[in-house]
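An overview of the molecular structure
Residues per chain, in single letters:
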Amino acid sequence: LDQYEEKDQDDMLYLSDENEVEEPTLLDSLRRGVLPPELSFLHGVSLIGKGGRNFIAAKCIDAIDALELEPQGWLSVAAPLSEESHWLLFRSAMTDTVTRTAGYAFLVDVLKKSGKEEEWAAHFSPLYRRHLDTLKEVGLIDELLRLKSVELSPTGAMRKKQLIKVMMASLHADALT
């Protein structure tokens, strides 16, 4: 009896300690190796950090455009500076869904820390440029310029840094290509 219970437990997939995956289509796609965009992107970033498998890394990272795009007003976090602690910022950074700009900012950090900016510049330059065009269309670049002298909450300041990081990486990648 224990043998059968153990087999059933091995067949269950867990995305976290708290959530069981029960949706049949999601289970089937995970078993076939098809990852959701967030996981595909993060897998690609880990392959870049590790080195090698550049083709697979590039294909996985292309899923970044399937990540949720930040809405207008994303930079203007409603909580005043005094009401939001840095602990809440850390918690939200670790638990929130990976959005497109946050994904690009994370990618920039990994490329910089692994010393692979020049190696990947030609691949990521068009992606950065396309993302910046999208951010302009949504109005986040204008919002960033309006908030240049406004004191933001820790979350707003982090988001502002992410946006600036992606803008600078785009310019840097263009200069390298």
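Just so we're clear, the structure is a prediction, and the values are computed from it rather than from any experiment. (Residues numbered from 1 in each chain as written. Predicted model: local features only at pLDDT ≥ 70, side-chain atom pairs only at ≥ 80, totals over all residues. Heavy atoms only, no water.)

Regarding the layout of surface pockets
- Its volume calculated, the largest pocket comes out at about 650 Å³.
- In terms of lining, the largest pocket is formed by 21 residues, of which the most central are A93, D96, V98, A102 and Q162.
- Secondary structure elements with two or more residues in the lining of the largest pocket: α3 (37-50), α5 (86-95), α6 (100-114) and α9 (154-176).
- Its residues assigned to classes, the lining of the largest pocket comprises 10 nonpolar, six polar and five charged. (1 Å grid on protein atoms, 1.4 Å probe; cavity = no way out; pocket = protein on both sides within 12 Å on 5 of 7 lines; lining within 4 Å. Points joined across faces, edges and corners; volume = space filled by probe spheres on them. Helix = DSSP H or I, 4+ residues; strand = E, 2+ residues; numbered from the N terminus. Nonpolar A, V, L, I, M, F, W, Y, C, P; charged D, E, K, R; others polar.)

What to know about α9
- Across its 23 residues, α9 extends 32 Å between first and last C-alpha, which sits within 8% of the 33 Å expected from 1.5 Å per residue.
- Looking only at α9, the buried set comprises P154, T155, G156, R159, K160, Q162, L163, V166, A169, S170 and A173. (Expected span 1.5 Å × (residues − 1). Buried < 20%, exposed > 50% of the residue type's maximum accessible area, 1.4 Å probe, protein only.)

Some thoughts on the confidence of the model for the protein chain
- The predicted model of the protein chain has a mean per-residue pLDDT of 78, with 76% of residues at 70 or higher.
- Mean pLDDT across the elements of the protein chain bottoms out in helix α1 (residues 2-11) (46) and peaks in α6 (91).
- Counted against residues more than four places away or in other chains, residues 1-14, with its pLDDT under 50, gives eight contacts. (pLDDT = per-residue confidence, 0-100. Contact = heavy atoms within 4.5 Å.)

Some remarks on the packing of α3 against helix α4 (residues 54-61)
- Where α3 meets α4, the axes come as close as 7 Å, and the angle between the chain directions of the two elements is 150°. Comparing the axis directions of α3 and α4 gives the class roughly antiparallel. Seen along the crossing, α3 lies across α4 with a hand that is left-handed. Note on element contacts: α4 touches α3 through I56, A57, C60 and I61, opposite S40, F41, H43, G44, V45, L47 and I48.
- In the contact of α3 with α4, the residues fall into eight nonpolar, three polar and no charged. (Axes fitted to C-alpha atoms, helices over the stretch in contact; angles between N-to-C directions. Parallel < 35°, antiparallel > 145°, perpendicular 65-115°, else oblique. Left-handed = near helix turned anticlockwise from the far one by under 90°.)

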